[in-house]
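A look at the structure
What follows is each chain in one-letter form.
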Amino acid sequence: GAGEPHIGDVPAAMGELQIGESVLNWIIGASGCPKSKTTFVSGFQSDLIKRNYPDIEVLENKYWSSTASGFSLSLSELNSQEALLVTYSDILFRDGLVERLSNVDADVVVAYDSLWQTRFSGSKTRELSHREKVKTYGDKIVSVGRNISADWATGEFIGLVWFSPLAVALLK
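Here goes a summary of the coordinates provided. (Residues numbered from 1 in each chain as written. Predicted model: local features only at pLDDT ≥ 70, side-chain atom pairs only at ≥ 80, totals over all residues. Heavy atoms only, no water.)

**Thoughts on the overall build of the chain**
The number of helices and strands found in the chain is seven helices and seven strands. By principal-axis analysis of the C-alpha atoms, the chain measures approximately 45 × 40 × 35 Å. Put simply, the chain has 172 residues, and 34% of those count as buried. Restricting the contact set of the chain to residue pairs at least 6 apart, pairs at least 24 apart contribute 59%. Total accessible area computed for the chain in this model is approximately 11,000 Å², and 49% of it derives from carbon and sulfur atoms. Each charge sign in the chain was given a centre, from 16 positive and 21 negative side chains, and these centres are 5 Å apart. (Helix = DSSP H or I, 4+ residues; strand = E, 2+ residues; numbered from the N terminus. Buried < 20%, exposed > 50% of the residue type's maximum accessible area, 1.4 Å probe, protein only. Contact = heavy atoms within 4.5 Å. Areas by Shrake-Rupley, 256 points an atom, 1.4 Å probe, with all protein chains shown as cover. Lys, Arg positive; Asp, Glu negative; His and termini not counted. Charge placed at Lys NZ, Arg CZ, Asp CG, Glu CD.)

Take a look at the structure:
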């Protein structure tokens, strides 16, 4: 979970969807990951997440505003015997996507939205420039970040990455 939400005063993961469940419940369900193997790294209102999700491990990144998601990942105890799914807590993705990612023959698989610019049709360059974008060459991702020009981007990073056990061992 990131720092303060863009809207409201509760973490984005606690936001309620139209189907009556929280974003975090939906992410856990769609990921297929049992709560006992779920770790949530929070940058905002960690106690609220802990109270509402006693079955998951909640860690706090007190330095979120200056360290962001990479440091948050480093706070987790990684098990190099298992694959790892990392997701932002304010995104929704389709059922089955995690299984599709895990079936790709690669050690790191990054999910991105190739139709992202249609969601921002008519938007100003500034609105597109701050998005986390992906640039590919063939079927390989060559760059991920905000510094990629929208004109050169293949898609928008959705905040979902699958790591094989080998990749997890390298992260450690």
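**Quick word on helix α1 (residues 23–31)**
For α1, the buried fraction is high: seven of the nine residues fall into the buried class. All of the buried residues in α1 are V23, L24, W26, I27, I28, A30 and S31. For α1, the secondary structure elements touched by its buried residues are β1 (39–42), β3 (84–87) and α4 (97–102). Phi for G32, located one or two positions after α1, is positive at around 75°.

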